Amino acid sequence: TPLPIGCNVTISAPSMQAIMLDMIALHHNDSLEGKRILDVGSGTGIICAYMGHCVGPNGLVVVIDHVKQLTDMSIQNLENGNAETKEMLTSGRVELITGDGRKGHAAKAPYDAIHVGAGAPVVPADLTDQLAPGGCLLIPVDTEAGGYQELLLISKGSKATGDEGKMSEKKVCDCRFVPLTDLKKQL
């Protein structure tokens, strides 16, 4: 189950984390080796450690959270983890920054995958703009019914697929995440 971690947020249930990582990996033919991933919402650092492992030494995971305490907690958890999680930080394979995740992090774009760990009222255009051709965005989006979201997999076409730049979306499942909001509303 989701567990509270402070700052009015929860860490996602491990089963939901597994579903989201699987969807990203399946989109990329089961291999994230060498990919660039943006993770919006650092939580405790667990999912960014999973992603760091999946992208391997030639990949990059940029993690952004607007709550400095959560960014710091994630860094500390990776530093206090095992040799691999420590190496992810020292090598720069995993970068944690404090900022507004709704705007993404254009300085390191484009991304092969963007993972959002909070429910958005709409899909932020800044995030779709930062997707690489052939990339995917996995994001919970509010439904008209309220209270729940739909987990959407949004794909950006590429030259290889003959639909370069075209966006398509697929509903993965219903879900419930904390809201993707500004810092003042969250705290």
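Everything below is about the structure printed above this text.
Residues numbered from 1 in each chain as written. Predicted model: local features only at pLDDT ≥ 70, side-chain atom pairs only at ≥ 80, totals over all residues. Heavy atoms only, no water.

Remarks on the pairing of strand 4 (residues 60–65)
Rules: Buried, partly exposed and exposed residues are distinguished by accessible area as a fraction of the type maximum, computed with a 1.4 Å probe on protein chains only: under 20%, between the cut-offs, and over 50%, respectively. Segments assigned H or I by DSSP are reported as helices when at least four residues long, segments assigned E as strands when at least two residues long, and all are numbered from the N terminus. Criterion used throughout: strands pair if DSSP finds at least two bridges between them.
Counting buried positions along strand 4 yields six of six residues, so the element is predominantly enclosed. Looking at chain direction, strand 3 (residues 36–40) and strand 4 are connected through five bridges and run parallel. What sits directly across from Val40, in strand 4, is Ile64. Here strand 4 runs beside strand 5 (residues 94–98); their pairing, made up of five bridges, is parallel. In the strand pairing of strand 5, Val62 is matched with Glu95.

Some words on the environment of Gly117
We apply this condition: Pairs of residues are marked as contacts when any of their non-hydrogen atoms sit within 4.5 Å.
As for its placement among the helices and strands, Gly117 is situated in the loop between strand 6 (111–116) and helix 5 (125–129). Distance from Gly117 to His66, taken between C-alpha atoms, is 13 Å for residues 51 residues apart in sequence. Other than its neighbours up to four places away in sequence, Gly117 contacts Val40, Phe177 and Val178.

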